[in-house]
Amino acid sequence: MPTAETETSVDTSILDEMVHWIKTLKDVGVSPDTAAKCTSDFFIAAGVATTEEVWEDEGDEEEDF
């Protein structure tokens, strides 16, 4: 049976940004572990905040009955 090749595209922009932040924090003297933890916590919090805003916006819509 022939195998089908599929092309997958991965958006690495968030990962690239996280690596940039970790490197920047390390350059100013933050330990690599702490830099990674702070950066991860920030991006997780930003994602949660964005999700909560979307849920709040959905609840504000008026329904027509």
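Residues numbered from 1 in each chain as written. Predicted model: local features only at pLDDT ≥ 70, side-chain atom pairs only at ≥ 80, totals over all residues. Heavy atoms only, no water.

1. Overview of the pattern of salt bridges
At step 1: All chains considered together, the criterion is met by one salt bridge.
At step 2: In this structure, the salt-bridge partner of aspartate 41 is lysine 37, at a minimum N-O distance of 3.0 Å. In this pair, aspartate 41 and lysine 37 both sit in helix α2 (residues 32-59), four residues apart, roughly one turn of the helix.
At step 3: With a relative accessible area of 36%, aspartate 41 lands in the partly exposed category. (Salt bridge = Lys/Arg side-chain N within 4 Å of Asp/Glu carboxyl O. Helix = DSSP H or I, 4+ residues; strand = E, 2+ residues; numbered from the N terminus. Buried < 20%, exposed > 50% of the residue type's maximum accessible area, 1.4 Å probe, protein only.)

2. A look at helix α1 (residues 13-27)
At step 1: The end-to-end C-alpha separation of α1 is 21 Å, in line with the 21 Å expected for 15 residues at 1.5 Å each.
At step 2: Phi turns positive one or two residues past the end of α1, at glycine 29, with a value near 105°. (Expected span 1.5 Å × (residues − 1).)

3. Some points on the packing of aromatic side chains
At step 1: In the structure shown here, the tally under the stated rule is three aromatic pairs.
At step 2: A ring pair is formed by phenylalanine 42 and phenylalanine 43, whose centres lie 5.5 Å apart and whose planes are at 90°; its orientation type is edge-to-face.
At step 3: Among the aromatic residues, ring-to-ring pairing joins Trp21, Phe42 and Phe43 into one connected group. (Phe/Tyr/Trp six-rings, centres within 6.5 Å; stacked < 30°, edge-to-face > 60°.)

4. Regarding the environment of methionine 18
At step 1: Tracing the sequence through the fold places methionine 18 in helix α1.
At step 2: Measuring from C-alpha to C-alpha, the distance between methionine 18 and alanine 36 comes to 8.2 Å, with 18 residues separating the pair along the chain.
At step 3: In this structure, methionine 18 is in contact with Thr39, Ser40 and Phe43, ignoring residues within four places of it in sequence. (Contact = heavy atoms within 4.5 Å.)

5. Here's the deal with the side chain of threonine 39
At step 1: Here threonine 39 lies in helix α2.
At step 2: Beyond its immediate sequence surroundings of up to four residues, threonine 39 is in contact with Met18, Trp21, Ile22 and Leu25.

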